[in-house]
Every structure is written in structure tokens, then in C-alpha cells.
Amino acid sequence: MTAPSRVRPAEVGHSAFTRRTLVKGAAWATPVAAFSLSAPAMAASPLCADLQYNSTSTGRLLSGSLLDVDLDNVVAVQGVTASATEPAAEGSKGGAEYDERANPLNAGVLNAIDLELDGVAGLVSFLAAILTDQNVGTLNQFAFAHELAGDTEVAEVGASGAVADNGVINLDEGAGAPPSLGSLDLRTVLEQLTDSEDAATLVAAVTDLQLEVGAVAGRAESDRVCDGAAAVARMAAPEEVVTREHLLASLRLVVESDTVGGVLTALEETVEAVPINTEAIISLLSALLGPLGPVADALLTLITVGTGLDVEIGLDLSQVTAPLPADPGSAIHAELGAGRLTVDVASLLGGAYPGGPSEWLNSLAANSRLFIDYPVPGDVVSNFLHDLTAELIAKVKELVTIRISAGSVTGIGATGLLIEGSLAGFLEGRGTVRLVALGIDLVGQLGQAAVSGLLVSIGELVDGAIDGLLNQDGLVPGLLDGVNSLLASLFTVLEDVLQLTVNAQNAPENGSNPPTYYQDPNNVEAGQYDVAALHLQAVGALNVLDLSIARGSVGPNALRA
């Protein structure tokens, strides 16, 4: 979780008094954030007791625009606003003195409400998909506002996401992986960006593109340092101290593409067609059977001047189901059988982390634009492809099978041979060997050492042929060129077409480049201080995507007359 970002809208000079305590979390070591307020001595002055404010705070999980729909006008996702005003706001829990609101939001709520979306098909399910597979139970939206200043119990709080009913960010969910918010279908978004060549290129290359968003929370808090002397003189209002925090446990891009899925099929077909030197195998058999004399002549004649040998190389890569590379710290993993790439954005841009919420994501300054302020490191894709190539070649060697046959090894007076097994077994001297001449079993006359030696020699011959194909001819790197191009297209879109901003804030104390949404006074008023864990926007097409996730805001707060 972020260290607090504090803003002092009034004159500089007073020290902030908000304190933050981190408590050890559950088995996956997520901190639970508990907040306590401790006012300085001057705040206890009775001279401050008569200062009253019209105060406002808001908690909202989703806001902005999505697929030409203004979510700020959709009742089901409008969040909560607490207003301590004179006269009292309608429905205020404490009248003009204070107000507190909370509104749980989950996929069931979205599915149960008939959103008036002007005929936009599928948006309800689209929104619901954002909130699936969550372990936090019910996501919350919380707001609290109070008329007073400088008291430990009256700080304004606006929060949403993984927050409790008192606005505290709380991820203590017991053992297991961190809870996730859900997925956003980026391919559907990109399909709407018809003027973008980069978007069109990526859409054509993928069958699905999801942004998986981990646990999120945004929390803004405001209180006032009450200076008794200033209050008496009525020369200045108490200094407002704003603390903004975000939590973003993880971000993952999940790409499905025929380009990825075709790698194993192409590899199987090419390896199974690798040419094997049958003359070399015949020489090995001749050297083995020659010392047996006339009893082996019928078999030798069959393979040297008769039907010859039938050599079959088999490869079934359907068994390759685990993500590759096997290293869990890799930023990119490929599930080739499923045609899927998974990119852990935090590992990609910020370095590997040991599971749980990403410390890197939660230490980013306000308005950190992923893939722009933090570009993809130059070697990360090449390292992924290098490791994937090495592990894929190892899997091929592990799964290749060999079958060598001639004639028949069954029936009265049969003459033939059958040698079969895995390449890995052959290289260890293991496999099935049947050598028959005119119905006579020759294997028993050879001895185990000789038979094992034959298998090893054949294994080395086949291994060399496959090695030349995979390494010297560069088959695997060539097959992965398409994966490389796919990743390049994805990262281009994330740099130039879609903008992902972490810890989005208006008027930040540190950081710059607030998303366009926060520069519009219709969305964020003067005197309002806002934070969102994540903001997504389509450059030049905000009607298609201009989405804030897990917002909390406080203000505007004005001294009552």
C-alpha cells in the first residue's frame, strides 16, 4: 500500500498530524491498514469548537465512461456521498452535524438492476465481469463527513474497494491468494477504436485480451489543523490536511491468440517429419546381428536388400500444460496448449516479487503511467523467449517417441523387428526390442548389454537429428517469432492507445500528468481531492474508455458563515 500522499491546500507551515499504522495481515502477508488520528495540542483549544464546515466526501468504485456510456449517470454504480451541510442534506444520518454512508457493490447487484443504457448490449455483463471471482465478499463504498475541525473523530473519509464499513482498507481475508476485483475485456474496447491502426493490428492478432485487476482500494481523508490564535482573529481558516492512499494488489494481462496456440502444432508436425538416417541404423543392426551367423541371415537380408526399415518419430505436446517458463518469477508465462500468454505487469515493469500484493505497484507516485513513465525493459521479452525456447526444447526431447519396424515379429516363421520407446528411454538404454528371424527370437542370444548399447546408439542418432532441427536450424526461435511480434503489438497499444494510470489524483502533491478525467471541473470540483487506485483511458476516445476504479474523495469543505 502506498505511503500517504498529503496535500495542504492552505498556507504551508503546519505539520500534518495524520498517522498510519500497519498491522501484519494474513498468511499471504498483506498489510491491514488501520488509521488513527492524533491532533496536536492546539487542536484541543475550546476556541476551535465553534468552527463549523459544510463538508463533503465520496466513495465510488467505478466512474467515468465505458463503451459510450457515462457511468456517472448510472444509478447502480454512482457510489455514496456524505454531506454535513447547513441546511442538512436529504437523508443525512446526523443532520447538519455529520453524515455517514456505505453501499456494498458486487456482481449480483449489477446483474439484478436493469440499467438504462440506451440499448448498449452486454454492458451489464461487461461490468459484472469486472467484479467476478472476488474473495473480499462484498466490495464497499464509504463516505463520512463532519462539520467540526481538529478532532480525532471528525476527519472526512471517502473510500471504495476493499474497505470496511468504517472506511478502513482491510484485506485480512485469511489464508490464500490476495482477493481480486475481476477482469476488464480490453479487446472489446479496442474494437471500438476504429481510427487506430495499432489497435486494429492487435485486435486481429488476438481472440481475447483481458486486464485482470487484483484487489483495489482508494481512500482520501481530510482534517483541519485548528490554530486557536487564527481562529480568534478569524484571519485564516484552519489548515486542511489531505491524505490520499491507494491499494492495487496486482495487474495481469491475459492474451489468447492462435499465434500462441499454433506453436505446439507446428512443432509437432516439423519434429515428426525430421529425416532420420536409416542407413546408419541398418549399420548398427548389422554390426549387432552379424556375429550370430546364419541364424540372423533372414533378418539381415530383409533390412538390407528387402523392405528396409520404417522409422517413425512421434511427438505429443498435449501433455505440455503447465505455464512456461517454469520459473514463477518470470514476468511473462506461456500456456502454449491453451494459446495463452499471461503478463504480470508489476513483474514486467518493476521486477519480480514473491507473490501477494506488489510493493512496487503500491509505492508508485501519483499519476504513474504504466508503459510510459515505466517502459518495458529492453531485455525482458528476449529473456522470456530465450527461457521459453530452452524449456520447450527440453520438453520435446522428453516427449519424443521412436518406432522402428520391418517385416513381422508375430506368427509362425516370422521375420522382422520392432524397436520402440521414448527418446529419453533410448538414451538410457531402455526400450522394447524384438528381433525375429524365421520364428527364432534373436534378442535372447545377444545379451542385455548389447541390446542396451543398440538403444543408446539409436537414441543418440535421433537426438542429433532433432538437435540439428531445433537448434542449428533455429526451428523453435522461428516458431516463436510470432509470439515476439504479438507482445510488441500489445506493448505498443499500451504505450500509445490505452493509458493505465496508477494512483490517479487531481492536484497531487507529488507527481503530474493527471488523467483527462481529473482535469474536467465537471468531474472534480475546486477544493475536492480525489484518488483512484487505477484509471484507464483510451487516448483520443474517452467516450470508449475513461474509467476510474476504486475512488475516494474529500471536499470541497467550506467554513460556514
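Just so it is clear, the structure is predicted and the values come from calculations on it, not from any experiment.

Caption draft 1: Structural detail: the overall build of the chain. Check the secondary structure of the chain and you find 14 helices and 26 strands. Counting over 561 residues, the chain shows a buried share of 51%. Within the chain, contacts between residues at least 6 apart in sequence are counted, and of these 73% link residues at least 24 apart. Of the roughly 22,900 Å² of accessible surface on the chain, 50% is carried by carbon and sulfur atoms.

Caption draft 2: Structural view of the pairing of strand β16 (residues 332-335). Summarising the sheet, β16 and strand β17 (residues 340-344) pair through four bridges and their orientation is antiparallel. Paired with E335 across the bridge in β17 is R340. In textbook terms, the turn of a hairpin is the stretch between consecutive antiparallel strands, and for β16 and β17 this stretch comprises four residues, one of which, G339, has a positive phi near 65°.

Caption draft 3: A look at the sheet that holds strand β15 (residues 310-315). Within the open sheet, the five strands sit side by side as β15-β19-β20-β21-β22. Their pairing is antiparallel. Edge positions in the open sheet fall to β15 and β22 (440-441), since each of these has one partner strand only. Relative to strand β21 (residues 432-437), strand β20 (residues 416-422) is paired through five bridges, and the arrangement is antiparallel. Its bridge partner being in β21, I419 is matched across the sheet by V433. Contacts from helix α7 (residues 278-289) reach β15, β19 (400-407), β20 and β21 within the one sheet, and its direction differs from that of β21 by about 65°.

Caption draft 4: Representation of the pattern of salt bridges within the structure. Under the criterion given, the structure shown has 15 salt bridges. For R101, the salt bridge is made with D99, and the minimal N-O distance between the two is 2.9 Å. Here D530 makes a salt bridge to R551, at a shortest N to O gap of 2.6 Å. Here D530 is found in strand β24 (residues 529-538), whereas its partner R551 is found in strand β25 (residues 545-554), with 21 residues between them in sequence.

Caption draft 5: The arrangement of the nonpolar core in detail. With 122 residues, the main nonpolar core has V271 and L498 as its most contacted residues. Ignoring sequence-local partners within four residues, the contact set of L498 consists of L186, V189, L190, L193, V493, Q537, A538 and L545. Of all hydrophobic cores here, the second largest spans nine residues; its members include F142, F144, V163 and A217.

Caption draft 6: Just a negative patch on the surface, in detail. Judged by side-chain charge, E197, D198, E495 and D496 come together as a negatively charged surface patch. Counting residues per element, the ones that place at least two in the negative patch are α4 (197-205) and α14 (481-496). Turning to its location among the elements, D496 is positioned in helix α14.

Caption draft 7: Examining the packing of aromatic side chains more closely. For the structure on display, the rule yields four aromatic pairs. Judged by centre distance (5.9 Å) and plane angle (25°), the ring pair of F371 and F491 falls under stacked. Of the two residues, F371 is situated in the loop between β18 (368-370) and α10 (380-399) and F491 in helix α14; the sequence distance between them amounts to 120 residues. Accessibility expressed as a relative area gives 2% for F371, which makes it buried.

Caption draft 8: Highlighting the environment of V462. For V462, the location among the structural elements is in helix α12 (residues 448-472). The spatial distance from the C-alpha of V462 to the C-alpha of L423 is 7.7 Å, given a sequence separation of 39 residues. With near-sequence residues (within four places) excluded, V462 lies in contact with I276, I313, I402 and L423.

Caption draft 9: Representation of α10 within the structure. The terminal C-alpha atoms of α10 lie 28 Å apart, and with 20 residues this matches the ideal 28 Å at 1.5 Å per residue to within 8%. Every buried residue belonging to α10 is among V380, V381, F384, L385, L388, T389, L392, I393, V396, K397 and L399, and all of these are buried.

Caption draft 10: Structural view of the packing of α10 against α14. At a minimum axis distance of 11 Å, the contact between α10 and α14 shows a crossing angle of 155°. Overall, the two elements α10 and α14 adopt an arrangement that is roughly antiparallel. The two elements α10 and α14 meet at a crossing, and its hand is right-handed. On the side of α10, the interface is formed by V381, F384 and L385, while α14 contributes V483, N484, L487 and F491. Here the contact of α10 with α14 is built from residues that sort into six nonpolar, one polar and no charged.

Caption draft 11: Expanded view of the confidence of the model for the chain. Confidence in the prediction for the chain averages 81 pLDDT; 78% of positions are at 70 or higher. Segment residues 111-121 is flagged for pLDDT under 50; beyond a separation of four residues in sequence, or across chains, it makes 13 contacts in the model.

Caption draft 12: View of the side chain of D99. Within the element layout of this structure, D99 appears in strand β7 (residues 98-102). For D99, a relative accessible area of 0% gives the class buried. In terms of polar contacts, D99 uses its side chain to reach the backbone amide nitrogen of S83, at 3.0 Å. One polar contact links D99 to R101, side chain to side chain, over a distance of 2.9 Å.

Rules and cut-offs
Residues numbered from 1 in each chain as written. Predicted model: local features only at pLDDT ≥ 70, side-chain atom pairs only at ≥ 80, totals over all residues. Heavy atoms only, no water. Helix = DSSP H or I, 4+ residues; strand = E, 2+ residues; numbered from the N terminus. Buried < 20%, exposed > 50% of the residue type's maximum accessible area, 1.4 Å probe, protein only. Contact = heavy atoms within 4.5 Å. Areas by Shrake-Rupley, 256 points an atom, 1.4 Å probe, with all protein chains shown as cover. Pairing = 2+ DSSP bridges. Axes fitted to C-alpha atoms, helices over the stretch in contact; angles between N-to-C directions. Salt bridge = Lys/Arg side-chain N within 4 Å of Asp/Glu carboxyl O. Core = buried A, V, L, I, M, F, W, Y, C linked by side-chain atoms within 4.5 Å. Patch = residues over 30% accessible without salt bridge, like charges linked within 9 Å, V, L, I, M, F, W, Y side chains within 5 Å. Lys, Arg positive; Asp, Glu negative; His and termini not counted. Charge placed at Lys NZ, Arg CZ, Asp CG, Glu CD. Phe/Tyr/Trp six-rings, centres within 6.5 Å; stacked < 30°, edge-to-face > 60°. Expected span 1.5 Å × (residues − 1). Parallel < 35°, antiparallel > 145°, perpendicular 65-115°, else oblique. Left-handed = near helix turned anticlockwise from the far one by under 90°. Nonpolar A, V, L, I, M, F, W, Y, C, P; charged D, E, K, R; others polar. pLDDT = per-residue confidence, 0-100. Polar contact = N/O pair within 3.5 Å; in protein donor to acceptor, adjacent residues only side chain to side chain.

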